[in-house]
Each structure stands twice: as C-alpha cells, then as structure tokens.
Amino acid sequence: MTLIKEQDLGTPAVVSDVSVTLEIDGHPVTVPAGTTVMRAAARAGVSVPKLCATDTLEEFGSCRLCLVEIEGRRGTPASCTTLVEPGMKVVTQNERLGRLRRGVMELYMSDFPTDNLAIPSSGDCEMQDMVAAVGLREVRYGFAGANHQDLRKDESNPYFTFDPAKCIVCSRCVRACAEVQGTFALTIENRGFASKVSAGMAEPFLESECVSCGACVDACPTSSLMDKAIIQNGMPNRSVVTTCAYCGVGCSFKAELQGNQVLRMRPHKDGKANHGHSCVKGRFAWGYVTHKDRITKPMIRSSIHEPWQEVSWETAINHAASEFKRIQAKYGRGSIGGITSSRCTNEETFLVQKMVRAAFGNNNVDTCARVCHSPTGYGLRTAFGTSAGTQDFDSVMDADVILVIGANPTDAHPVFGSRMKKRLRQGARLIVIDPRRIDLVRTPHVQAEYHLQLLPGTNVAVLNALAHVIATEGMVDEAFVAERCDPADFAVWLDFIRRPENAPEAVESMTGVPAATIRAAARLYAMGGNAAIYYGLGVTEHSQGSTAVMAMANLAMATGNLGRPGVGVNPLRGQNNVQGSCDMGSFPHELSGYRHVADEGVRALFDQAWGVTLDNEPGLRIPNMLDAAVDGSFKGLYIQGEDIAQSDPNTQHVTAGLAAMECVVIQDIFLNETANYAHVFLPGSSFLEKDGTFTNAERRISRVRKAIPPMAGMADWEVTMALSRALGYPMDYTHPSEIMDEIAALTPTFAGVSFERLDQLGSIQWPCNEKAPEGTPTMHVGGFVRGKGKFVVTAYVPTEERTGPRFPLLLTTGRILSQYNVGAQTRRTANTVWHGQDVLEIHPHDAEQRGIQDGDVVLLASRSGETTLTAMISERMQPGVVYTTFHHPLSGANVVTTENSDWATNCPEYKVTAVEVRLTNQPSRWQEEYEQFREAARQIAAVAAE
C-alpha cells in the first residue's frame, strides 16, 4: 500500500458519558466532555497548527502556535490546553491569528539551521509543515545573533541521531520518555535561552539510561531526533501494517519501505496491544531479515560430518520425504516426529501438526511451549477450563494492586512493562515476587511496596503462605466462591491451606522471605481493590510449575479477582506466537483448541475434514523424542523455526539425541545450532515475507502481512505443504487465509475468525464465535468456561535439585531487554552494542568469598556440565544465588541446566540449578570442543554457499 501519514489529533482521546456541542469556525461539533478544543477541531476536519502537541502525549501548551479566539474570552488561548464547553464559539483562522502564528514561527526559524528545509524528510518533518501552514516567507530577525547552531550532534546510538541544532525544546521527546516509555532518561537541562534536551546526566544517548524504544524519535517534530536509516536512504514511499515477530506482546507496526527495501518499522497508533509504542527490538532490530547469514538455497548432506550441497527445492523436498519414508519402513510409524515453531504464524504451525498427524500418521508433535509455558496450559485449564490468560493488556489500567511473580516485564515484555509502570505512577500498588531485584522493584517514579525475594524453587511455598493468610484472617470473598466455585473442592482446599505448615512463619526458613512481609503482601493483595497477577517463566520453568499456576488460580478465586477488568491471572508469553502454537494443536496429546486426541467426537471432525484416521494415542514430547533417539528407536525429526540445541536443557543430552538420528530436517532462516546436526536444510521466511496471523499473550489474533517477497522463493507454509505432498498427503491451499478458514471450521474458539474479519476489526481476542462475534477481552465473566472454578490442593514439594558442599549456589536464568531468546535474530543486529555476551551476575559476598572481581572469567559448574562466563558483581542478586542469560550459543548456559522438569508437563526446571563458581583462565572443555565443531560446520556451509 502507499505511505499514508497517520492523522494526529493533537491531544489524547477522553472517555465520557457526557457530550458537549460547540461551534468551530461556524460549524457545530459534538465531542465527549473533557476534550480539548484542538482535538474537537481536528474531529471537525479543521487542522490547527501545532508543534508541541501530539495525540500520544498529554497536552503541554508550550509552543504557542495553536492559538485560537473564543467568543467572550480575552486573548488567544492555546487550543491544546483549553477544554470544550457547551455553546462555545471558536475561531481557528483569521488575519490576527495568522499574524501571531507567523510571529511565533519566525522566532523558531531564527534559531534553526538554514539548510533544514533540504533534509530528506518530506512529509515527515512537522517543522516544515508548519512553516507552510502559517505562510512564513521570511525571517526578519536574521540568523546572525546568538543561536544553538554550534551544538554537537550525538550519533552514539546505533539506530538514531540527535542533532540539538534542530531542537526547539518543545519537550515532546522528554514527555514521550516519561509518559509513554516511563524511563525518564531525558530531561530539559538549564533554563531560558540555555535550555536544551539532555540524555541522563548530559551523557551521550548510548551511555545514558535511554532504552532505545524510539518513542522520542517518533515524537520529535523537527527531525532533531531521526532514524539513521532515513538519513542514509531517504523517505519510504509505501507501508504495510503487520505484527512484530519478537515477544508475546504482539505490537502492531507499519513496515515502511522503498520498493522492497525496509527502511524503518514505526509502531502503529491503532495497534490494540501497543497503542503506538514499541521497544528497541521491534522498532529497530529488524536488520537480521537481510543479514548476510541468511540461507536462501535448500541444502542436503548424507552425514553431519559431510559438507552441505546446495540443491533445488524439488530435490531437497523429495530427499527429505524419501528419508522419512525409509525410516518409518525400517523402524515403524512412530520413529519420526515434528516440532512446530512459536515464531511462525498460526497457519504455518497448524500445517506442521496436520502434516505430522495426517502424513506421518502419528501424534509425535511438540512445540517450544513445552519448555516455557506448558504449565500455564495445564494449570489454567484445570482451574478455569481455558489454557490462556484471563485479561487483555489494557486491563492493567484498572488494577489497584499488581502482583508480578517470576517475570521481568521491563526486559522481556517492555511495551507492556511501560504500560504497567504508567498505571503504577497513577497510584496502583506493586508486589514483586522474584529471587532477583528486577527493575520494577525500584525504578524512576515506581517502587514495589513489597519485594518477596524468595529462594529459587520455593514459589509454591510462598503462594501457599499468601493463601494461608487470606484463609485464616477472614479475607476470602465468600460470595464469589459460593457463586462461582465448586464447593467440595473449595472445602478440601480450605482445610489444606489453613494447615500450620503453610503459615508464613513455617515457610520463612525455606523461602528466605520474612513472615511479616508475606502477611503484609497477602493483606494488600486481598484487600487492596482490583488485584491482578502477572507471571512469567520464573513460575512455569520449575518442577512445580503447574502447581504454582494452580496456586495463583486459587489466590485469584479465593479473593474474587476474576471476571472483570483490572484483575485476573495473566501469563506473559515469551515468544511472539507461543500462545498461537499451543492453540493450533502443537502438543502430542491435543488437537487445536486444546481437545484431547482420545476424544472420539473431536477426532471424528478431523478425520472427516482431513480424509484420514487419526491416532487416538498421544505421541512423544520433545524430551521423549530425544530419549528415544539416544535409545535408538526415534530416527527422524522435522523442526520448524526452533533451535533446541541451544534453547533446551542439558545441551549435551539434546545434541546426543540429534546426532543419533538419521534424518533431521531444519526449516529456518539461519544455520542455527541445531542445524549443525541436520541432514536437510529448508530455507525459511521472516515475518516480513509472509501472510498469516500471530496470537499474543492476551489471546489477541493479529494479521501478519507480507511486505517483501520471500528471499528463498517460498513462504514457510508453502514449504510444509510441498513436503506433505511429497510424503503422499497433498495439501492444496492457495493462500494462508484458506488455512485460517479451516482452523475456524475445526476450532470452536476460532469459529468467528477470518482474514476478512481481522481486517475489519484490526485484531480479535479468542474466543470468537456466535456468542462473542468481536472476541473476548476478559474471560470468565459471570462464570468459568469449565462451569465451576476448581480449587486444587497445591502441596509444596521441594525440588530434587539441592545445593551442597560441591555445588553451594543456585543458578537461575532469564532474559535481557536488547536480546531475544536464543539471539538468532538480535545477535545479527546492532543490539549487540548493549549485550555482546552473556554474563554471570553474582552477589558481592559470594564474589568476595571466591576472590572474584568484576569482569573476571569464571567457571560455572553443575552436575550436568560446566561452562565459562564473565562475572558481573551485582547487588540485584541475593547471597547464594547467581543469574545468567542464554542469548549467545557459546555461553553454554543450558550445558549447565539439568533435565529436572515439571511433574505434569515436562517443562524444564531452568530456574533452579545447583552450581559452583570459581575463577578460571580458560574456556571449558565443552566450549573448546563445541567451538571447533561449530566452526567446522560454518566453514562447510560457507564452502557450499560459494
């Protein structure tokens, strides 16, 4: 589509049940009470000149360009700060106003670079637009007086520049950083003529607290802050609205292009998940799409020790199909399987699980959600009847108490984190339960009322203790429980939770959290008004992950915090389509919509639609596939867009399983770590090269639209379709919209979803059906999906992973803002400026005991293996606990993690590993051996590509 500039109405929308009618330039206008004159005029089609005003920020009234006349009032008030009144008569344009506005613009232009009108920002510089709008033709004051033209340009940030010579100190960037992002990294330094925008303590942007979200760049009206890509390449001439392919927030963006070259990603103001905001990854880290490492030709090889050979698509597809057929003929139908991707679209994921079930003839299909949020599905479905979060993101703005447990929203889900911080600045109160002092514990204008800094592995004990206080101090919402929950289950749970072993005093020694803090936090959660729980992998990636999810559900039901805005139990999903991959039937025991394969009625629907007879026995999970491969009974695997060799626990066991297979087929955009063990490589396509949908953490289904042609010639759904056809099971879709039509026909929660409907509404939150034709923002209103809410006894069972003299510390893992998951995408962008390597955070006490100083190389050893990392001494940690990320493959974080897993779902226990840390001066043996193997694989691939 052509590039269309979004209309800016000047000030934010207001919601009011009262309407006000006024007259603007002789025309009647009706708007909600509380609307500004500027916005009312814009709604009437009248554009009032402005520079400091924008509808993404609160009104400010500093530029004096939006002056109007109002009958009965003296002077010329600013339309951006004047509220409408009944019967008001406003004049926006006459000779007097024109003269005043030209005078204002003349003063601005007298201290503005004379060459600014030649900058490559046609249609993108509001300063240019306003010069034209007010009819300014000359500057009477000249340009020779005192000015700001000698200020140095700041080009430290890899993605944008700051030219203070073009800054008019309108404060829009400062306000965007404060109001939208909530980082407060920018300020106005000095006063009067000496005023200027400053990052941090007059630091370069790169060295300041700026998180490079781009809000300041989008807010700037003068091109003082500007994308480097626009400076280098000029302005885009077309745009495509699509959905970000990073985290589970699911931000809507406009991909802006020249031809087929992407120049920038601008957050879409109409995006219902992000409302025009973004983070450094979605806004800037898209360069990986055209990175030189992209593999665009299919390749095959007979052995993982032989060189890759480039072949045609037909040859690669036929080779993979013949190998899978050979393996099944030799080892049996269950000897092969598939792994779907949480980074691919719903349509592509649906096709992979369909191919496994219909073409492979088994249920050996799994997804990366196995290693992150499978306990969410199990726990929430058990308690409420639906395997997904209960609210939309906007619900947080109605919360009075926010409980964040095992999540780091400002790093892992930064756009939602900014929205949460906005609500906290408005007065909501915060409880953080986390072994590490995350930013939310104390950040500008936000501070947690309680930080329960528990020991890793004790989530269930703390959650039970919170529930114990609520149950024993008379804080249960008896009316809600009586109306909405199963009375027998509640009675059993109440008897259990009141037991002395669940009291805060009883668990204090094992959790490390003072009993008084637990009691105070419990009272706040139960009695503080609308209370919402937000959680992440710090809850699910434990041996009791499912138990913890059900414990949170118990808390919410016991206090009546479900079924309305501002409350709920809300998982923060890690990857862009983790929710969707689960919805699409990627688990070995479930078809789309979370219906068990043993259900004859459900299976009959798929049998008829697909023309096959599906297996009624659940297939193998990822850990089972790897175990069976080592044992010799599982020999073939199709992996769509996942890198289990880096992301899954106990790396050495994973790679042993992959190496034991006879045919591993990788479908990806890069030769990832798993590709080192592959025999067929099928080039994948990025999110900018495909059509389809993603489903985010709030169950929001959003369109992904193709901006550029697939670099390898085929989109992922077409590749899977070709492989299935070669296996003897033809799939004949001509567009992903047809796949969604099939999903809707077979999946009750998606019954009302179609591409046409999505284009009309922008996005839809499932369930979407006859009862909810426009989707369901809030779940369980008036009743639970399962009928009565189910309280579950959640006994605390300590993890089998214990510290001792040999391994006295506990390792926990997580993510960082600038990198994403295994880093395959972000490591191929300038984001490496902020995080070029994984480091080990260690408390000063533990470091001093071991003679470790900041920046030292240390050996990190566990019962599973060992690796080396650079130490970073940090008081974010508590004594006895260390922390690292897993974004770089040679860091080997998962060489150290164990195979312990959740009792219900096999979700790995990444968050609790007993380790020792000591000084070293050389890499670990695993790092040395793997680097040699990895380098050889890359060199072979490079030869094949020449």
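Before reading further, recall that the structure is shown in the block above.
Residues numbered from 1 in each chain as written. Predicted model: local features only at pLDDT ≥ 70, side-chain atom pairs only at ≥ 80, totals over all residues. Heavy atoms only, no water.

**Student:** How should the overall build of the protein chain be read in this particular structure?
**Tutor:** A tally of helices and strands in the protein chain yields 30 helices and 36 strands. Its C-alpha atoms give the protein chain a radius of gyration of 29 Å, near enough to 30 Å, the size a compact globule of 946 residues would have. When its C-alpha atoms are laid out on the principal axes, the protein chain stretches across 90 × 70 × 65 Å. Taking the intrachain contacts of the protein chain between residues at least 6 apart in sequence as the baseline, contacts between residues at least 24 apart amount to 73%. Roughly 34,000 Å² of accessible area belongs to the protein chain as shown, and the carbon and sulfur atoms make up 50% of that amount. The averaged location of the 106 negative side-chain charges in the protein chain is 3 Å from the averaged location of its 88 positive side-chain charges. (Helix = DSSP H or I, 4+ residues; strand = E, 2+ residues; numbered from the N terminus. Rg over C-alpha atoms; globule rule 2.2 N^0.38 Å. Contact = heavy atoms within 4.5 Å. Areas by Shrake-Rupley, 256 points an atom, 1.4 Å probe, with all protein chains shown as cover. Lys, Arg positive; Asp, Glu negative; His and termini not counted. Charge placed at Lys NZ, Arg CZ, Asp CG, Glu CD.)

**Student:** It is not clear to me how the state of the cysteines should be interpreted in this structure. Could you clarify?
**Tutor:** The term disulfide refers to a covalent linkage connecting the sulfur atoms of a pair of cysteines. Applying the stated criterion across every chain yields a total of zero disulfides. In this model C63 remains outside any disulfide bridge; the closest cysteine sulfur is found in C52, 3.8 Å from its own. C125 takes part in no disulfide bond, and the closest cysteine sulfur to it belongs to C220, at a distance of 7.7 Å. (Disulfide = S-S within 2.5 Å.)

**Student:** Would you explain the pairing of strand β32 (residues 839–842) in this entry?
**Tutor:** Each regular strand carries side chains that alternate between the two faces of the sheet. Judged by which residues are buried, β32 turns out to be covered on both faces: V839 and E841 on one side and L840 and I842 on the other are all buried. Inspection of the sheet shows β32 paired to strand β34 (residues 866–873) by four bridges, in the parallel sense. In the strand pairing of β34, V839 is matched with T870. (Buried < 20%, exposed > 50% of the residue type's maximum accessible area, 1.4 Å probe, protein only. Pairing = 2+ DSSP bridges.)

**Student:** Please explain the pattern of salt bridges as it appears in this structure.
**Tutor:** When charged atoms on two side chains of opposite charge get close, those side chains can pair. All told, the structure shown has 39 salt bridges when counted by the stated rule. R73 is paired through a salt bridge with E85; the nearest N and O atoms lie 3.0 Å apart. Remark: E85 occurs in the loop between β3 (69–70) and β4 (89–91) and R73 occurs in the loop between β3 and β4; sequence separation between them is 12 residues. Residue E85 is classed as partly exposed on the basis of its relative accessible area, which comes to 39%. (Salt bridge = Lys/Arg side-chain N within 4 Å of Asp/Glu carboxyl O.)

**Student:** It is not clear to me how the sheet that holds strand β26 (residues 663–668) should be interpreted in this structure. Could you clarify?
**Tutor:** The strands that make up a sheet pair up through hydrogen bonds in the backbone, lying either parallel or antiparallel. Read across the open sheet, the seven strands follow the order β13-β12-β27-β26-β25-β14-β15; overall the sheet is mixed. Looking at strand neighbours, the two that pair on one side only are β13 (309–310) and β15 (365–367), the edges of this open sheet. Along the sheet, helix α8 (residues 313–331) contacts β12 (299–300), β14 (336–340), β25 (636–640), β26 and β27 (680–683); its crossing angle with β27, the most-contacted strand, is approximately 135°. (Axes fitted to C-alpha atoms, helices over the stretch in contact; angles between N-to-C directions.)

**Student:** In this structure, what is going on with the nonpolar core? I would like to understand it.
**Tutor:** Within soluble globular proteins, side chains that are nonpolar tend to cluster in buried spots. Ranked by size, the top nonpolar core spans 69 residues in total, and within it F160, L225, I402, M420, L430 and L688 carry the most contacts. Element by element, the count of residues in this core is highest for helix α12 (residues 414–425), at four residues. Counting residues in hydrophobic clusters, the runner-up holds 64 residues, among them F324, L723, L727 and L746. (Core = buried A, V, L, I, M, F, W, Y, C linked by side-chain atoms within 4.5 Å.)

**Student:** I'm lost on the packing of aromatic side chains in this one. Help?
**Tutor:** The description of two aromatic rings rests on the distance between their centres and on the angle between their planes. The tally for this structure, following the rule as stated, stands at 21 aromatic pairs. Look at F160 and F205: their rings are 5.4 Å apart centre to centre, the planes differ by 85°, and that puts the pair in the edge-to-face class. In this pair, F160 is assigned in strand β5 (residues 160–162) and F205 in the loop between β7 (196–199) and α5 (215–219), connecting sequence segments 45 residues apart. For the pair shown, F160 and F205 are each scored as buried. A centroid spacing of 5.0 Å and a plane angle of 10° characterise the contact between W926 and Y930, whose relative ring orientation is stacked. Of this pair, W926 and Y930 both sit in helix α30 (residues 925–945), four residues apart, which is roughly one turn of the helix. On the basis of relative accessible area, W926 is assigned to the buried category, the value being 14%. In this structure Y930 comes out as buried when scored by relative accessible area, which is 8%. Through pairs of rings, three or more aromatic residues link up here, namely Y159, F160, F162, F205, F284 and W834. Against the face of Y883 rests R436, its NZ or CZ located 3.9 Å from the ring centre. The lysine or arginine in question, R484, covers the ring of F784, its NZ or CZ lying 4.6 Å from the ring centre. (Phe/Tyr/Trp six-rings, centres within 6.5 Å; stacked < 30°, edge-to-face > 60°. Lys NZ or Arg CZ within 6 Å of the ring centre and 35° of its normal.)

**Student:** It is not clear to me how the packing of helix α9 (residues 346–360) against helix α25 (residues 716–726) should be interpreted in this structure. Could you clarify?
**Tutor:** Geometry of a packed helix pair, given as the angle between the helix axes and the separation of the axes. Put simply, α9 and α25 touch, their axes get as near as 9 Å, and they point 10° apart. On the basis of the axis angle, α9 is roughly parallel to α25. Only D716, W717, T720, L723 and S724 of α25 make contact with α9, whose side of the interface consists of E348, L351, V352, M355 and A359. Per-class residue counts for the contact of α9 with α25 are six nonpolar, two polar and two charged. (Parallel < 35°, antiparallel > 145°, perpendicular 65-115°, else oblique. Nonpolar A, V, L, I, M, F, W, Y, C, P; charged D, E, K, R; others polar.)

**Student:** So what exactly am I meant to see when it comes to unusual backbone geometry here?
**Tutor:** Leave glycine aside and you will find that most residues have negative phi; peptide bonds, for their part, are mostly trans. Between W766 and P767 the backbone carries a cis peptide bond, its omega angle lying at 5°. By the secondary structure assignment, P767 is in the loop between β30 (763–765) and β31 (809–814). Phi at N190 is positive, roughly 70°, even though this residue is not glycine. Since its relative accessible area comes to 39%, N190 is described here as partly exposed. Phi at Y594 takes a positive value of approximately 60°, unusual for a residue other than glycine. Secondary-structure assignment places Y594 in the loop between β23 (590–591) and β24 (595–596).

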